[in-house]
Amino acid sequence: MPDRPTPAGINSLPVSTPASATPTSGTAVRSRRSLNLRTRTGAPGDTTGLAAVRDSTLQDSLAADQAFRTTVKYSSKDSTIYAADGQVVELFGDANVEYGDISLKADYIRLNYTTNEVFARGRYDSTARKLIGQPVFKDGGDQYDAKEIRYNFRSKKGKIQGVVTQQGEGNIRGNSVKKDAENNMYIRGAIYTTCNLATPHFHINASKLKVVHNKQVIAGPFNLVINQIPLPIGLPFGFFPFPKKKDIGVSGVLIPQYGEEPNGRGYYLRDGGYYWAVNENIGLQFKGQIYSRGSWGVGTTGAYNKRYRYSGGFDLRFARNRSGDRVDKTQSPRNDFAVTWSHTPQNLGKRSTFSANVNISSNSFNQFNTADAQRYVSNVAGSSVQYSRQVGQYIRTSSSFRVNQQFGQTDPRTGIRQNGKTDVATDVSFGLNQIAPFALKGGSGKWYESFRVGFDFNGAATVTNSVNTNRIDTSGLGFRIVGTGARLRPRGDIVRDSLARADSIRLGLIRQNGALISDPNLVAFNLANMPALLRNALVTGRYSIPISLPNIKLAKYINLTPGFSFNGDLYRKKLNYTYLGGDSVRIDTLQGLSTVYNFATSVSMNTRAYGTVFFKGKRLQAIRHTIAPSVSLAYVPNFSDPSFGFTQYLPIPGLPEYRRYVSRYRGIGGASSGGTGKANAIVSFGIVNQLEMKVRARNDSAGQEFKKISIFDNISLNGSYDLNAPVFNLSNISLSANTQIFKNISFNFAANFDPYAYREINKTTTGARQFERIPVYAVRQGQGLARLTSAQVYVSGRIVPKGADKPKKPVPGTNDVTMRAINANPDLYVDFNIPWSLNVSYSFGYTQIDPSQSNIIQAVTLNGDFSLTPKWKFTVQSGFDIKAKRPSLTTVGINRDLHCWDMAFNWTPFSGSALRSGNYSFDLRVRSAILQELKLSRRRSFYDRGGF
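Residues numbered from 1 in each chain as written. Predicted model: local features only at pLDDT ≥ 70, side-chain atom pairs only at ≥ 80, totals over all residues. Heavy atoms only, no water.

The name given to the protein in an unreviewed UniProt entry is LPS-assembly protein LptD, and the organism recorded there is Rudanella paleaurantiibacter.

J.: Got a minute to help me understand the overall build of the protein in this structure?
T.: Counting its regular elements, the protein contains five helices and 63 strands. Taken over 948 residues, the protein has a buried fraction of 33%. The contacts of the protein with a sequence gap of at least 6 include a subset with a gap of at least 24, amounting to 51%. (Helix = DSSP H or I, 4+ residues; strand = E, 2+ residues; numbered from the N terminus. Buried < 20%, exposed > 50% of the residue type's maximum accessible area, 1.4 Å probe, protein only. Contact = heavy atoms within 4.5 Å.)

J.: So what exactly am I meant to see when it comes to empty space enclosed by the protein here?
T.: Sizing a probe to match a water molecule and rolling it over the atoms shows the empty space that remains. Tallied over the entire structure, the rule returns six cavities of 30 Å³ or more. In this structure, the largest cavity spans a volume of roughly 100 Å³. Lining the largest cavity, in full, are D271, K287, G288, Q289, G297, V298, G299, R317, F318, A319, F365 and N369. Elements with a contribution of two residues or more to the lining of the largest cavity: β25 (282-291), β26 (296-306), β27 (310-321) and α1 (365-369). (1 Å grid on protein atoms, 1.4 Å probe; cavity = no way out; pocket = protein on both sides within 12 Å on 5 of 7 lines; lining within 4 Å. Points joined across faces, edges and corners; volume = space filled by probe spheres on them.)

J.: Explain a nonpolar patch on the surface to me, please; I cannot follow it from the model alone.
T.: Residues I552, L554, Y557, I558, V603, M605, V631, L633, F685, Y721 and L723 make up a contiguous nonpolar surface patch of about 880 Å² in total accessible area. In this fold, Y557 is placed in the loop between β42 (552-554) and β43 (558-579). Its relative accessible area of 62% is what places Y557 among the exposed residues. (Patch = residues over 30% accessible without salt bridge, like charges linked within 9 Å, V, L, I, M, F, W, Y side chains within 5 Å. Areas by Shrake-Rupley, 256 points an atom, 1.4 Å probe, with all protein chains shown as cover. Salt bridge = Lys/Arg side-chain N within 4 Å of Asp/Glu carboxyl O.)

J.: What is the right way to read the confidence of the model for the protein from this model?
T.: For residues with low pLDDT, the predicted coordinates do not support detailed interpretation. Mean pLDDT over the protein: 78, with 76% of residues reaching 70 or higher. The secondary-structure element of the protein with the lowest mean pLDDT is strand β3 (residues 50-53), recorded at 35, while strand β52 (residues 745-754) shows the highest, at 94. Under a pLDDT of 50 for its full length, residues 1-69 has, in the predicted model, 118 contacts with residues more than four places off or in other chains. pLDDT under 50 marks residues 943-948. Its contacts with residues more than four places away, or in other chains, come to 33 contacts. (pLDDT = per-residue confidence, 0-100.)

J.: So what exactly am I meant to see when it comes to the state of the cysteines here?
T.: By definition, a disulfide links the sulfur atoms of two cysteines through a covalent bond. Enumeration according to the criterion identifies zero disulfides in this entry. Considering cysteine sulfurs only, C900 is the nearest to C195, which forms no disulfide, with 3.6 Å between them. (Disulfide = S-S within 2.5 Å.)

J.: Any chance you could explain the side chain of N183 here in plain terms?
T.: As for its position among the elements, N183 is in the loop between β15 (170-179) and β16 (185-193). Leaving out residues up to four positions away in the same chain, N183 has contacts with D139, V211 and H213.

J.: Explain a positive patch on the surface here, please?
T.: A grouping of K159, K178, R188 and K208 is seen on the molecular surface, where their side chains present a positively charged patch. Mapped onto the elements, K178 comes out in strand β15. (Lys, Arg positive; Asp, Glu negative; His and termini not counted. Charge placed at Lys NZ, Arg CZ, Asp CG, Glu CD.)

J.: I'm lost on unusual backbone geometry in this one. Help?
T.: What is expected of a backbone is that most residues other than glycine have negative phi and most peptide bonds are trans. Unusually for a residue other than glycine, R129 sits at a positive phi of about 55 degrees. For R129, the location among the structural elements is in the loop between β9 (123-125) and β10 (130-132). Residue R129 is classed as exposed on the basis of its relative accessible area of 68%. Unlike most non-glycine residues, Y308 shows phi in positive territory, near 70 degrees. Topologically, Y308 is positioned in the loop between β26 and β27.

J.: I'm lost on the environment of S466 in this one. Help?
T.: For S466, the location among the structural elements is in the loop between β35 (452-464) and β36 (472-473). Considered as a pair, S466 and V523 are 57 residues apart in the sequence and their alpha carbons are 6.7 Å apart.

J.: Would you explain the packing of aromatic side chains in this entry?
T.: Two aromatic rings are characterised by how far apart their centres lie and by the angle between their planes. Counting across every chain of the model gives 30 aromatic pairs. Ring plane angle 50 degrees and centroid distance 5.2 Å describe the contact between F92 and Y108, whose orientation is recorded as tilted. Here F92, found in strand β6 (residues 88-99), pairs with Y108, found in strand β7 (residues 102-112); they are 16 residues apart in sequence, far enough to count as distant. Look at F92 and you get buried, because its relative accessible area is 5%. For Y108, a relative accessible area of 2% gives the class buried. Through a chain of ring-to-ring contacts, three or more aromatic side chains come together here, namely Y543, F564, F566, Y597, F599, F639, F644 and F646. In this structure, R265 is placed above the aromatic ring of Y291, and the distance from its NZ or CZ to the ring centre is 4.2 Å. Lying over the aromatic face of Y268, R270 brings its terminal NZ or CZ to 3.6 Å of the ring centre. (Phe/Tyr/Trp six-rings, centres within 6.5 Å; stacked < 30°, edge-to-face > 60°. Lys NZ or Arg CZ within 6 Å of the ring centre and 35° of its normal.)

J.: What am I meant to see in the pairing of strand β12 (residues 142-145) here?
T.: Looking along a regular strand, one sees side chains alternate from face to face of the sheet. Alternating residues of β12 divide into D142 and Y144, all buried, and Q143 and D145, none buried. Note that strand β11 (residues 136-139) and β12 share four bridges and pair antiparallel. Along β12, the bridge assignment pairs D139 with D142. The hairpin formed by β11 and β12 contains two residues between the paired strands, and G140 there has a positive phi angle of roughly 70 degrees. One ladder, built from two bridges, connects β12 with strand β14 (residues 158-167); its direction is antiparallel. Note that in β14 the partner of Y144 across the bridge is T165. (Pairing = 2+ DSSP bridges.)

J.: What exactly am I supposed to notice about the nonpolar core here?
T.: Here is a general trend for soluble globular proteins: nonpolar side chains tend to be buried in one another's company. Grouped together as the largest cluster of nonpolar side chains are 47 residues, with contacts concentrated most on Y74, I109, L111 and F240. Non-local contacts of L111, meaning those with residues more than four positions away in its chain, are made with V72, Y74, Q87, V88, V89, V97, E117, V118 and F153. Listed in part, the nine residues of the second largest apolar core include L575, Y577, I587 and L655. (Core = buried A, V, L, I, M, F, W, Y, C linked by side-chain atoms within 4.5 Å.)

J.: What is the right way to look at the pattern of salt bridges in this model?
T.: Proximity of charged atoms lets side chains of opposite charge pair with each other. Counted by the stated rule, this structure contains 18 salt bridges. Between E117 and R150 there is a salt bridge; the shortest N-O distance is 3.9 Å. Here E117, found in strand β8 (residues 117-121), pairs with R150, found in strand β13 (residues 148-152); they are 33 residues apart in sequence, far enough to count as distant. The partly exposed category is assigned to E117, whose relative accessible area is 28%.

J.: So what exactly am I meant to see when it comes to the environment of Y268 here?
T.: In this fold, Y268 is placed in strand β24 (residues 266-279). Between the C-alpha atoms of Y268 and Y291, which are 23 residues apart in sequence, the distance is 4.3 Å. Within the local environment of Y268, its side chain forms a polar contact with the side chain of R270, the two groups lying 3.1 Å apart. (Polar contact = N/O pair within 3.5 Å; in protein donor to acceptor, adjacent residues only side chain to side chain.)

J.: Got a minute to help me understand the pairing of strand β60 (residues 890-898) in this structure?
T.: Sheet topology places strand β58 (residues 872-881) next to β60; six bridges connect them, and they run antiparallel. Directly across from T875, in β60, lies its bridge partner G893. The sheet contact formed by β60 and strand β61 (residues 901-910) spans eight bridges and is antiparallel. Counted as the bridge partner of D897 is D902 from β61. Between the end of β60 and the start of β61, which pair antiparallel, lie two residues, with H899 showing a positive phi angle near 65 degrees.

J.: Help me understand the environment of N559, please; the structure alone is not making it clear to me.
T.: Checked against the element boundaries, N559 lands in strand β43. Here the alpha-carbon distance between N559 and S630, two residues 71 residues apart in the chain, equals 9.5 Å. When near neighbours in sequence (up to four residues on either side) are disregarded, N559 contacts N551, I552, K553, S604, M605 and N606. Of note is the side chain of N559, whose polar atom sits 3.0 Å from the side chain of K553.

J.: Help me understand the side chain of D754, please; the structure alone is not making it clear to me.
T.: With respect to the helices, strands and loops of the structure, D754 is situated in strand β52. Looking at D754, its side chain comes within polar contact range of the main-chain nitrogen of Y756, at 3.1 Å.

Okay, here's the thing in structure tokens:
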């Protein structure tokens, strides 16, 4: 390379005078060169030096197999200076060096090809009075900001002064750093923090720190510094793991919570254990708890995910609880358990699916072992596991397993829930999709080719610990039952008993003759009672042959659809009635498989009509009314003839003929009921209405001049009339309506009307009035057009600023799994970007038992939040029980965004129970998941009943 003059000002820089230099033509000109480096093989005794090959096209074919080849690219904004032997290159002004995945930027960089080293530093700007152009070193995905860097390309070792680097969710700063060939760092005078400010709000101050590449940070003795104030809080060592690729997580110890239940189980350590990151598809937590007064518990929690196939999670808990009452020693220890499991498949064209949503627990588990207020106050739980499979084009199968629980009521004497009810059921179904037997090869369009036939079978078995679940409703029997242990009661008594039981559960007690008792209808669901529970099990099966007949058009606008159906039920037991003379009948239960079948023919007609009223207003253009009437006739032959074996005829004097036919399967499942002695011909009718209006858009920015607004989405009226019924031909009339108001308010209404009259007959021994339904229309008796028997109204509204319900956008430092969880459960997270939101709902329920008794339920619920400032969020959840005239569970929360910290305070001023009122929790914690145990917490929960 020819010698070139030294540029002006070079000698003023604090570096050695070069033998030769390459000037730049100006500050905007960038000098850039590339060199091929290979191992020098010709020099004896020198195995480490690298020869710089100035000609980038030179090839050494003899040493190609053993040579170490790569390219060093460098550039500078000011100037580039070369030593006389070409082994040292100095870059000035916005210097940049690239070597494979390694890049280095600084104001000054020196390359030494003899030692394979690069040195970089910044310079002091006397005008700005600060260091500028400080080195920025990148190695793959890692970046290091430093004051000074020395790095060896061959050994991949380096020494850094004043480093700042991002590692996982945190950043590390240190005075002196050594980096080895495995990218591990050894730092002295280090701090570790998840705060990204130049002066962090908090940090962990450690004299020594080791960063294991892409795995963890290991700290020597360290202490916590908050707002630049050292605290006397520290540990002799610490481990801070980095999240693995694909959100695997890192295995490690789970730090337990500590505190006291002063009136309960004593001092405790809770939720401590170990997290095991098994692989990228599954992670497990093993946790336990222990109390100073003898209680303990263990559990495991897991989450799994197989992309494009399935995802889910499970939680298994067991707790051995002992009473903390130091005076009452009569209470025995309780074994509580809970099993939750959720499994969601992703079908993607597969023929079989398996899903599960399991929530099973002992009666008192939520009462003593959960910190979730909603689970604590919940009195029911449901579980289901389902599997379905499509076999070929026509055959489908499915099965399910269900568990429904009612946790009972709290005994005020012991404070423990009891009298829980559990129903366990399994279902199996098999079906043959409808086929067109006259068009198996596609058909030619003839009318009879649309004839289709199929087959469906459903079997179910239910085991329950409610021994009187199959109580027989004696309403309308008209005779006296003797010599049986079955509970046969009128429907009115059953309804009144159910309402009384509901009030007892709500109030937390069951009384009989003024004394507290256990529910006589329930037995314990355990192995000892299993034989009796299985004998009480209800096993049924139902089959049907659906047949579709051709659809016929009448006068272009009326659809005429004939139909035929055949179905039946299977039973494992049936009733046998024995007439004892007079008005007395004995009922016995016969075991054995039996079947009931029936068939029906039908024809239905429906059409749709429109009516429009036009307006000449500025915005309102028209209102359209859509009406869709329908009517059908169904005929069912007389299957109440005793010759079929489905009913029995009782020759009771003075009893109407239709009441003498009694079903042998009354009250034991299925769809079979008592006969009428005649064939059934039922006319069903219904009418559906829709109202909508057409308005001119306020602006035409979207290219839409007009838009439709729904006034009522649906107003429907339905009923039926039995042509052959001896009495009560007309069924109850149902009315329903729903609509959406102003896009944010939904309205739903449903009501049921009885068209027949009632008359008072006598009073019971307790003084209660009794009424009898008579086969005379209410309007003829002056009781109005119809009697309202039930009504439900539900109105709900959500008011938020525009755009608040859009999916949340990813934020820096948040992975895809977290964002999916936030968008799927927005109510579980605090969104500081929404200034306010309000959700209000009103529910009303009315039930009339008879003309003298009715039950009304009314409640208002409210939950919302608002941001006092961009960093302060206030939340409230409450309600008011209008019937009880008292508020429902009320929770007030305050959340504060402290940049890298979060503060949360929650308080329950009222809950309907003295045991839960006054609960509160206060948490001040680091936002990062890595340092989630760095927190300050104080709480009093519903099962702590005071304390921390």
